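# Analysis of the macromolecular model
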Amino acid sequence: MSSARGLRRHLQRTVALLAALCAASVLLSAYYLCAGRRRDSGLAGGAAHGACGDPQLPSRAPRAAGSRRPPRASGAAPTVLLFVESQYSALGQDIAALLEASGFQYRTELAPGKGDLPALTEKARGKYSLIIYENILKYLRLDSWNRGLLDKYCAEYRVGVIGFHRAGDRGAPGAGLPWAARGNLAVTGGCVNPESPLLRVTRSARLQTGAPPGADWTVFQVNRSAHQPVVFASVQAREGRSPPPPAGALHATVIHDLGLRDGVQRVLFGSGLDFWLHKLIFLDAVSFLSGDRLALSLDRYVLVDIDDIFVGKEGTRMNAQDVKARGIPTDLGYAVAPHHSGVYPVHGQLYEAWKKVWGIRVTSTEEYPHLKPARRRRGFIHRNIMVLPRQTCGLFTHTIFHKEYPGGPKELDKSIQGGELFFTVVLNPISIFMTHLSNYGNDRLGSYTFVNLANFVQSWTHLKLQTLPPAQLAHKYFELFPEQRDPLWQNPCDDKRHRDIWSKEKTCERLPKFLVIGPQKTGTTALYLFLVMHPSILSNTPSPKTLEEVQFFNRNNYHRGIDWYMDFFPVPSNVTTDFLFEKSATYFHSEEAPRRAASLLPKAKIITILIDPSDRAYSWYQHQRSHEDPVALKFSFYQVISAGPQAPAELRALQRRCLVPGWYASHIERWLLYFPPFQLLIIDGQQLRTDPATVMDEVQKFLGVSRHYNYSEALTFDSHKGFWCQLLEEGKTKCLGKSKGRKYPPMGPDSRAFLSTYYREHNAELSQLLHRLGQPLPAWLRQELQKAR
């Protein structure tokens, strides 16, 4: 028994000793953690969470983040109407850039001093869910008629107004609003009213040090029953000012008109967006006044890459044993390329090697579509590898010491405290930053940067900082931005950085200078033959699947990349005088082809041919019959074009192929969204058939071909074929293939009448479009318009 009691006492002493050691270990770890955090956190965070309410109202506890109640969402489209002073005004550009970086749709208009407002509704629906005025006085001084229309629209559709008060303008004479303004002031400090219902991203806090930029601030004096201050600051005393502002008094630099007077809520700023806190409040104002339809998520994912771990001086770089000892994972399926080489502009061999050798599924780059502006960086998926946009943090291989940061330590702190680095996290749901192993030695600049950034974000926002492994992060990114899955290829030669990254063995000289876009069955193959007769005009080599048509911009071939596309074209012997072109007649009515073509070939000329859409539809039907399409063989032409919504799917598919390409105006308008009118040539297909030499003279003039080719001497009419052919030596001819000029029965009168009615509105729209473009009406269109009268 005594030995058992002794053993028990020994165990108790051992447990007590272990407990004491554990407690000491926890205390010691906490000490070093705090000391290390203080050492990494050289910044105070720039915020204090003291009282910052309206000084004339009793103080209360700060509003909980989830307790805000924005107005009921507007029934209008989720688009912002932005009124600017001019297209070059700095504040207007700042507002537009912030809206774009947030992913919000907007339309810019010059603020009318006099005259009518732009249309605010379309088909009984509001076009805008928020109105922003760069200069609020342009809104307040609208004439009574337009002001009444705008306020009525805002009240009816629950649309708010954001405005900025320009320095130097005093009050708003005649506006009838219960607030006054005092401008051209310098302010200091700043704090956010915790009672403001606007706060969503912004956390209520007080600036500890520093003065907001500029001496052209406006502060507001308001009726506090109808308005609520949002941001306060102290006015600095300045010589020559009378009376001097009360020492330490807080003045409102942002106010919220609660809409009690007329049902229209407004947020007014007493300065532009140079002050970072106003930027945050602006984002919250956009969110609140749009009923959270235009709002940023509060989730933020951050991934910090550490590059160059295996390079550097001996003793500072890692080796395989270090990686194993520290348990650094090497199977995350994530890699980046040195200097972005091969990621974008893409190099197919790199993607294939990544997948085959390392099983890479994710990479990142700063270069897509361009390095600057950073707000336009996007992601894409190529060959099943997800490419994420990477952001810039200013920590390069040589950025080792705090005092040697580019621009000095103040520049880094400025970027962290409400500057570029801070807003990179605020405006991007997912941020990937590249750092280097050298940034974490010496002054531990990498740790300093991101610890302080996290502190500042948490002090001033309600954002939830978190991270995910690369593969999960990539899936999250494309869940948020599914529209970015498909890449949009750019011309590498239009960006110097991309030319430097691109292989020196590649050249943009193999890209076409013009496109023949169709539509099908209008004479595009004849035009192709005439074009390649010209000694300075070169086409692509035939595609094994689609003959002379590559069909790159509207098919899955687009995802093969521009290297695949350029392989179809020869290297021109003379870049200046030789003209490469591609003819793909399915581009005309494609939804994606205009945007894709304009991205890669923004200066390309576009040629289209139009014939009577009724004849085009019938020709396509007969084309399908000749190729033994079972649907075309089973159903008559009239049955195809008149099929109703309950018809079999295969019948409706053939109907669309017959009818939809004939919506000429709609398709041309889509191309004109991306190409200016002077880059578009519309050919009368009937004239091409009867007088090709005259048409080809017009084409040569349009293209700017320096060497004129005489088609009158090079073409001859083949009466047996029924169309023009190339005249060769010794009187021989080269004509289109046997499938061209095929004879078939004339269209029935019932089908002709049906199509004449079907295309009546489309033809009227085409007539209006051609008038607008200054183009003559083809004979067939004049005839159809006369029938409609």
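Our subject is the structure that appears above.
The rules behind the values
Residues numbered from 1 in each chain as written. Predicted model: local features only at pLDDT ≥ 70, side-chain atom pairs only at ≥ 80, totals over all residues. Heavy atoms only, no water. Pairing = 2+ DSSP bridges. Helix = DSSP H or I, 4+ residues; strand = E, 2+ residues; numbered from the N terminus. Axes fitted to C-alpha atoms, helices over the stretch in contact; angles between N-to-C directions. Contact = heavy atoms within 4.5 Å. Core = buried A, V, L, I, M, F, W, Y, C linked by side-chain atoms within 4.5 Å. Buried < 20%, exposed > 50% of the residue type's maximum accessible area, 1.4 Å probe, protein only.

Judged by pairing direction, the sheet is mixed, and its 3 strands sit side by side in the order β16-β18-β17 without closing on themselves. Every interior strand has two partners, whereas the edge strands, β16 (362-365) and β17 (380-382), have only one. For this sheet the average axis-to-axis angle between neighbouring strands, irrespective of direction, equals 30°. Seen against the sheet, helix α7 (residues 348-358) touches β16, β17 and β18 (385-389) and runs at an angle of roughly 115° to β18. Running over the sheet, helix α11 (residues 470-480) touches β16, β17 and β18 and is turned about 75° from β18.

With that out of the way, let us pick up the sheet that holds strand β20 (residues 464-466). Within a sheet, adjacent strands bond to each other through the backbone by hydrogen bonds, running parallel or antiparallel. The strand order across the open sheet built from 3 strands is β19-β15-β20, with neighbouring strands paired in parallel fashion. Single-partner strands in this sheet number two, and they are β19 (430-436) and β20. On average, each strand axis in the sheet is inclined to that of its neighbour by 25°, with strand direction left out of account. As judged from the 7 bridges shared by strand β15 (residues 299-307) and β19, these two strands associate in the parallel manner. Paired with I306 across the bridge in β19 is T435. Along the sheet, helix α10 (residues 445-460) contacts β15, β19 and β20; its crossing angle with β20, the most-contacted strand, is approximately 155°. Contacting β15 and β19, α11 crosses the sheet at an angle of about 140° to β19.

Formed by 66 residues in total, the largest nonpolar core has its most connected members in I95, I132, I162, F164, W276, F282 and F422. In terms of residue count, helix α5 (residues 276-289) provides more of this core than any other element does, 10 residues in total. Non-local contacts of I132, meaning those with residues more than four positions away in its chain, are made with V80, L81, L82, F83, I95, L99, I162, F164 and F282. In this structure, Y351, A597, A604 and I682 belong to the second largest nonpolar core, which totals 55 residues.

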